[in-house]
Amino acid sequence: MRIKAILAVLLLFLPALSQAQSLEECLRYAAAHSLRLSRAQLSAEKARNLENTAFEVSRTELSLSQDSTSGGSPDNALTLSQEFDFPTVYAGRKKLLSAWARVEESRLSLTGSELRRDVSSAYCTLVLKRHVCELLRNNAADAEEFLRIARVRFEAGACGRLELISAERLKADNEIRIREAEKQEREAGLALRQLMNADTEIVPSDGYTPVPESGGAYSFSLTPEGQLSVQVLDWNRKNLSLARQEGYLPSFNLGVRHQLVIEGFNPYGVDRSRFAGGNWMGFEAGISVPVFFGAQRRKVAAARLDVQMASIQLQEKQNAADAALAIAADKLFTARETYAYYTDEALPQAEELRTLSRAEYAAGKITYTEYMQNLATAMETELDSAKAADSLNQAIIEMNYIKGN
C-alpha cells in the first residue's frame, strides 16, 4: 500500500516535470533558483547590513587604580573613558558604506541582466538543436524512401549496384548526423539546466523566434553596466572624502573617575580615608590632533588616483558599450535580412525541390545522383534556415543586453 501511494504521488508530478517550458518561464525559474544570482543577492544583503556599522564607536575603557601610598585621591579611583572620532567622520563612513551598498545593488542588477542574456541564449540554442534533430529525422524518411526505390530498381535491373550503395550510404550518413545532433541537443539542454539550476529536462515550447526585441532609447548610464560603473566612481569619491577627514580631523577622549578606596589594601599604614565631599572625583577630556601628515597625504593622493582610474574606467566601458551597440545593430540588421530571405524564398524553394525530386526520381525522370544532390541541397537550406533563425535570436539577445533591457 505504501508503494502504491508513493507511485500515485509520483504520477501526479510527472506531467509537471515533463511539461514544456517557454522562455519566460525559464527566465522566471532561473531568477528564483540561479546560484549565480543567489550569490549576488547575498553580497548585496551583506553590504546593506554593513551600512549600519558606520557609527561604530571604539571600545569603552574601564580601569581601576590603587595607590597604597596616598589617601582618597584620584590615584584610587575607578575610571571610565571613551574615545570618539570627529562627528563628520561617522557621517563620511555612513556615506561610504551606503555608496558600497549601491555598488553591490548595481552589481546584482548586472548579474540579473547577464543571467537573462545567458539563459535566453542557451534556450535559443536548445531550440536550434532540437529543430536540427527534427529536420534530420524528417530527412531520414526521404533516405528510407530513396533506399526502398533503389532496391526495387536494382532488383528489376533498372539500376546498378552503385545506386544501391549510394542509397545505403545516404541513409547511414543521415543516421550518424542524427546521433551527433542528439548529442549536441543533450549538451545544450544540460547547459541551460546548469544556468537555471534545474534538475529536470527542459523542453522548449517556443518556436523559432521566442525573443522579443525591446525598444527604447539607449543610454549607457541607465544600463546595469553603466549604473555599476557610475556607482563605483561615486564610491571612490566618497572614499577620498573620508580619507581627508580621517587623516586631518581630530578625535576626542572623555572620561570620569569615581573614588574607590580598597580599605583592606594599606601595606604602609597610610591614612586612606575617603574625601568628605563624596565619591565623585572628577572628569577628564582630551583631544587628539594629528601632527605628522606625511603618510596621510600619501593615502589621500592614492584615493585621488583611485577616483581618476574609476573615471577613466567609466569612459572606457562607455566607449566599449557604444562600439558594441553599433556592431550589434549591424549584426541584427544582417540577421533580420537573412532570416527574411530564408523564410520568404529559400524554405519554400527547398520544400518544392524536395517534393519534385521525390516524384521525378520515383518516375525515373532524374538520376540517383541528381536526386541525392537535390535532397542534400534542400536539407542544407533547411539547416541554414534554422541557423539563420538562431542568429536572429542571438542578435536580439545581445542588443537587448547592451541596451540594458
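The structure displayed is predicted, hence computed values, not measured ones.

Peer 1: Explain the environment of Val152 to me, using residue names and the numbers behind them.
Peer 2: Positionally, Val152 belongs in helix H4 (residues 87–155). According to the relative accessible area criterion, Val152 is partly exposed, its value standing at 47%. Each C-alpha atom, one on Val152 and one on Asn319, is 67 Å from the other, the two residues being 167 residues apart in sequence.

Peer 1: How would you explain the packing of aromatic side chains if you had to name every residue and give the values?
Peer 2: Evaluation of the coordinates by the stated rule reveals four aromatic pairs. Ring centres of Phe55 and Tyr90 lie 6.3 Å apart, and the angle between their planes is 25°; on these two criteria the pair is classed as stacked. Here Phe55 is found in the loop between helix H3 (35–50) and strand S1 (61–65), whereas its partner Tyr90 is found in helix H4, with 35 residues between them in sequence. Taking the relative accessible area as the measure of exposure, Phe55 reaches 52% and is therefore exposed.

Peer 1: Please set out the pattern of salt bridges residue by residue, giving values where relevant.
Peer 2: Where charged atoms from two side chains of opposite charge approach closely, those side chains can pair. One pass over the structure, following the stated rule, counts 19 salt bridges. Here Arg48 makes a salt bridge to Glu105, at a shortest N to O gap of 3.6 Å. Here Arg48 is found in helix H3, whereas its partner Glu105 is found in helix H4, with 57 residues between them in sequence. The exposure class assigned to Glu105 is partly exposed, which follows from its relative accessible area of 35%. The closest approach of N and O atoms between Arg93 and Asp85, which form a salt bridge, is 3.1 Å. With relative accessibility at 26%, the residue Asp85 sits in the partly exposed group. Linked by salt bridges that have partners in common, Arg36, Arg117 and Asp118 make up one network.

Peer 1: Outline unusual backbone geometry, listing residues and values.
Peer 2: Located in the positive-phi region is Asn197, a residue other than glycine, with phi close to 60°. In this fold, Asn197 is placed in the loop between helix H5 (161–196) and helix H6 (224–248).

Peer 1: Kindly report on helix H7 (residues 294–362), identifying the contributing residues and their values.
Peer 2: Compared with the 102 Å implied by 1.5 Å per residue over 69 residues, the 95 Å span of H7 between its first and last C-alpha is a close match. The axis of H7 is deflected most strongly, by about 45°, at Tyr342. Of the residues trailing H7, Gly364 is marked for its positive phi of about 80°.

Peer 1: I'd like a description of the side chain of Asp390, backed by residues and values.
Peer 2: Following the sequence through the fold, Asp390 ends up in helix H8 (residues 368–403). Here Asp390 occupies a buried position and makes no salt bridge, while the nearest side chain of opposite charge, Lys129, is found at 7.4 Å. When residues no more than four places from it in sequence are discounted, the contact partners of Asp390 are Cys124, Thr125 and Leu128.

Peer 1: Break down the confidence of the model for the protein chain for me, citing the residues and quoting the values.
Peer 2: With 90% of its residues at a pLDDT of 70 or more, the protein chain shows a mean pLDDT of 84. Predicted confidence in the protein chain is weakest over helix H1 (residues 2–17), with a mean pLDDT of 41, and strongest over H3, with 93. Predicted confidence for residues 3–18 stays below pLDDT 50, and this span has three contacts to residues more than four positions away or in other chains.

Peer 1: Explain the pairing of strand S2 (residues 77–84) to me, using residue names and the numbers behind them.
Peer 2: Bridging between S1 and S2 involves five bridges; their strand directions are antiparallel. Bridge pairing in S2 links Ser63 to Thr79. Where S2 lies against strand S3 (residues 251–259), eight bridges are found, and the strand directions are antiparallel. Across the sheet, the residue bridging to Leu80 is Val256, located in S3.

Peer 1: Hey, could you go over the nonpolar core for me, with residue numbers and the actual values?
Peer 2: Core analysis: the biggest nonpolar cluster contains 34 residues, and Val119, Leu192, Met196 and Ile202 have the highest contact counts within it. Looking at this core, the elements that each hand over two or more residues are helix H2 (23–33), H4, H5, H7 and H8. Among the elements that take part in this core, H4 stands out by supplying nine residues, more than any other. Other than its neighbours up to four places away in sequence, Leu192 contacts Val119, Ala122, Tyr123, Leu126 and Ile202. Listed in part, the 13 residues of the second largest apolar core include Ile149, Leu170, Tyr361 and Met372.

Peer 1: Talk me through the environment of Ser166; I want residue IDs and the actual numbers.
Peer 2: Note that Ser166 resides in helix H5. Look at Ser166 and you get buried, because its relative accessible area is 9%. Separated by 203 residues in the primary sequence, Ser166 and Thr369 place their C-alpha atoms 8.6 Å from one another.

Peer 1: Tell me about a nonpolar patch on the surface, and please be specific about residues and values.
Peer 2: On the surface, Leu62, Leu64, Leu78, Leu80, Val256, Ile262, Phe265 and Phe283 cluster together into a nonpolar patch covering about 740 Å² of accessible area. For the nonpolar patch, the elements supplying multiple residues, two or more each, are S1 and S2. Counting through the fold element by element, Phe283 comes out in strand S4 (residues 280–288).

Peer 1: How would you summarise the packing of H5 against H8 if you had to cite specific residues and measurements?
Peer 2: Where H5 meets H8, the axes come as close as 10 Å, and the angle between the chain directions of the two elements is 15°. Relative to H8, the element H5 lies roughly parallel. As H5 runs across H8, the sense of the crossing is right-handed. From H5, Leu162, Glu163, Ser166, Arg169, Leu170 and Arg177 reach across to H8, where they touch Tyr368, Met372, Leu375, Glu380 and Leu383.

Calculation notes
- Residues numbered from 1 in each chain as written.
- Predicted model: local features only at pLDDT ≥ 70, side-chain atom pairs only at ≥ 80, totals over all residues.
- Heavy atoms only, no water.
- Helix = DSSP H or I, 4+ residues; strand = E, 2+ residues; numbered from the N terminus.
- Buried < 20%, exposed > 50% of the residue type's maximum accessible area, 1.4 Å probe, protein only.
- Phe/Tyr/Trp six-rings, centres within 6.5 Å; stacked < 30°, edge-to-face > 60°.
- Salt bridge = Lys/Arg side-chain N within 4 Å of Asp/Glu carboxyl O.
- Expected span 1.5 Å × (residues − 1).
- Bend = angle between axes of the 7 residues up to and from the residue.
- Lys, Arg positive; Asp, Glu negative; His and termini not counted.
- Contact = heavy atoms within 4.5 Å.
- pLDDT = per-residue confidence, 0-100.
- Pairing = 2+ DSSP bridges.
- Core = buried A, V, L, I, M, F, W, Y, C linked by side-chain atoms within 4.5 Å.
- Patch = residues over 30% accessible without salt bridge, like charges linked within 9 Å, V, L, I, M, F, W, Y side chains within 5 Å.
- Areas by Shrake-Rupley, 256 points an atom, 1.4 Å probe, with all protein chains shown as cover.
- Axes fitted to C-alpha atoms, helices over the stretch in contact; angles between N-to-C directions.
- Parallel < 35°, antiparallel > 145°, perpendicular 65-115°, else oblique.
- Left-handed = near helix turned anticlockwise from the far one by under 90°.

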